[in-house]
Amino acid sequence: MTLCYNRKVTYLILVCIFCIMPAIAIEPVTTTALIGGLFASGALVGYKYVWCQFSECCDSPWIRPNISAMNRKLFDKVYGQHLVLDTAVRAIKGHVVNKEPSKALVLSFHGWTGSGKNFVSSIIAEDLFKMGMKSKYVHLFIAELHFPHLERVETYKSQLRRWITGNVTECPHNLFIFDEVDKMHPGIIDAVKPFLGSYGEIDGVNYRKSIFLFLSNTAGTDIAYKALQYWDEGKKREDISRKEMEEVIRQSAYNEEGNTECF
């Protein structure tokens with residue numbers, strides 16, 4: 001559709017130029033340059049269109065949020081995680097349908113290893129990007145793999161800021177996943193925080209359309225204890241509210257030495 005539209009525009013412009021030539025003298029060099037520029041512009045649009053049919057680009061069909069599919073997959077494949085369905089899907093939907101979100105979307109998933117944090121993250125990636133976790137717009141950072149040496153924290157911070165800035169400059173729709181946040185040096189999270197605020201732009205780059213997921217084992221024991229408490233009292237697990245669980249995580253985070261998760 002875009003390619004055809006641009007061809008029509010180019011054609012109409014050329015027709016108008018030749019229509020007025022008998023009445024207005026146009027220098028040959030100027031005319032040649034103008035027509036050459038129009039053809040070059042059309043060729044560029046055509047090249048991009050063809051290129052994006054075979055190579056991932058920052059546009060449809062490579063970026064195609066499918067919230068209905070996301071909700072269905074989470075409902076069918078994730079068990080005992082009602083807060084994910086109630087909160088995460090609604091938040092993602094509100095973010096992606098908003099053409100001008102006020103800030104980047106930040107979601108923090110907590111729980112023991114094996115509770116489904118990475119699985120949920122992969123479903124989110126699959127239903128936001130055609131290539132899923134393999135998309136060049138999906139970035140996974142693992143604490144002990146990407147930031148293993150404490151003495152290199154300043155280097156990691158600089159590299160991480162450049163990586164985020166470079167990728168968002170190329171495409172505003174990015175998904176950044178930080179795994180094992182509880183094992184990260186506090187400075188790593190500090191490097192990310194400026195991109196999460198309600199800023200229009202930072203040095204000409206708009207980060208508000210990106211999504212940041214933070215996965216952590218913090219409060220895993222306390223979360224399990226809260227669920228057990230509800231079971232002992234004869235209450236349904238699904239009755240646990242987000243507010244209750246946020247308080248559990250907040251208290252646990254403050255009680256853990258070296259906590260980094262105060263976004």
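Provided above is the structure to which this section pertains.
About the criteria used
- Residues numbered from 1 in each chain as written.
- Predicted model: local features only at pLDDT ≥ 70, side-chain atom pairs only at ≥ 80, totals over all residues.
- Heavy atoms only, no water.
- Core = buried A, V, L, I, M, F, W, Y, C linked by side-chain atoms within 4.5 Å.
- Buried < 20%, exposed > 50% of the residue type's maximum accessible area, 1.4 Å probe, protein only.
- Helix = DSSP H or I, 4+ residues; strand = E, 2+ residues; numbered from the N terminus.
- Contact = heavy atoms within 4.5 Å.
- 1 Å grid on protein atoms, 1.4 Å probe; cavity = no way out; pocket = protein on both sides within 12 Å on 5 of 7 lines; lining within 4 Å.
- Points joined across faces, edges and corners; volume = space filled by probe spheres on them.
- Patch = residues over 30% accessible without salt bridge, like charges linked within 9 Å, V, L, I, M, F, W, Y side chains within 5 Å.
- Areas by Shrake-Rupley, 256 points an atom, 1.4 Å probe, with all protein chains shown as cover.
- Salt bridge = Lys/Arg side-chain N within 4 Å of Asp/Glu carboxyl O.
- Disulfide = S-S within 2.5 Å.
- Pairing = 2+ DSSP bridges.
- Axes fitted to C-alpha atoms, helices over the stretch in contact; angles between N-to-C directions.
- Parallel < 35°, antiparallel > 145°, perpendicular 65-115°, else oblique.
- Left-handed = near helix turned anticlockwise from the far one by under 90°.
- Nonpolar A, V, L, I, M, F, W, Y, C, P; charged D, E, K, R; others polar.

A. Spotlight on the nonpolar core. By size, the foremost hydrophobic cluster in this structure holds 26 residues, and its most contacted members are Met70, Leu74, Ile92, Phe109, Ile124, Leu175 and Leu213. Among the secondary structure elements, those contributing two or more residues to this core are helix H3 (67-77), helix H4 (82-97), strand S1 (105-110), helix H5 (117-126), strand S3 (175-179) and strand S4 (211-216). Ignoring anything within four residues of it in the chain, the contact list for Met70 reads Ile92, Ile123, Ile124, Asp127 and Leu128. With 22 residues, the next largest nonpolar core counts Val153, Tyr156, Ile188 and Ile189 among its residues.

B. Expanded view of the layout of surface pockets. There is about 1200 Å³ of room inside the largest pocket. In terms of lining residues, the largest pocket is bounded by 38 residues, among which Ser108, Phe109, His110, Glu246 and Ile249 are the most central. Every element with two or more residues in the lining of the largest pocket is listed here: H4, S1, H5, helix H9 (220-232) and helix H10 (242-255). If one sorts the elements of the lining of the largest pocket by residue count, H10 sits on top with 7 residues.

C. View of a nonpolar patch on the surface. The grouping of Tyr49, Val50 and Phe54 at the surface amounts to a nonpolar patch, some 350 Å² of accessible area in total. Among the structural elements, Val50 can be located in helix H2 (residues 28-54). Take Val50: its relative accessible area is 46%, and that puts it in the partly exposed class.

D. Broad picture of the state of the cysteines. Applying the stated rule across the entire model yields 2 disulfides. Here Cys52 pairs with Cys57 through a disulfide, and the sulfurs are 2.1 Å apart. The sign of the -90 degrees torsion about the S-S bond sets the Cys52-Cys57 disulfide as left-handed. The class of Cys52 is buried, set by a relative accessible area of 12%. Residue classification places Cys57 among the buried positions, given a relative accessible area of 11%. Sulfur-sulfur distance for the disulfide between Cys58 and Cys171 comes to 2.0 Å. Between Cys58 and Cys171, the disulfide has an S-S torsion of 65 degrees and is therefore right-handed. Here Cys58 is found in the loop between H2 and H3, whereas its partner Cys171 is found in the loop between helix H7 (153-170) and S3, with 113 residues between them in sequence. Given the relative accessible area of 29%, Cys58 is considered partly exposed. Cys171 sits in the buried class, given a relative accessible area of 0%.

E. Up close: the sheet that holds strand S2 (residues 138-142). On the basis of which strands lie adjacent, the open sheet formed by 4 strands has the order S1-S4-S3-S2 and parallel pairing. Edge positions in the sheet fall to S1 and S2, since each of these pairs with one other strand and no more. Along the sheet, successive strands turn relative to each other by an average axial angle of 15 degrees, direction set aside. When S1 meets S4, the two strands line up parallel, connected through 6 bridges. Each bridged residue has a counterpart across the sheet, and for Leu107 the counterpart in S4 is Leu213. Sheet strands touched by H4: S1 and S4. Its angle to S1, the strand with the most contacts, is close to 165 degrees.

F. Structural detail: the packing of H3 against H5. At their nearest, the axes of H3 and H5 sit 9 Å apart, and the two run at 155 degrees to each other. Here H3 lies roughly antiparallel to H5, going by the angle between them. The chirality of how H3 crosses H5 is right-handed. Contact residues: H3 offers Met70, Lys73, Leu74 and Lys77, while H5 offers Phe119, Val120, Ile123, Ile124 and Glu126. Per-class residue counts for the contact of H3 with H5 are 6 nonpolar, no polar and 3 charged.

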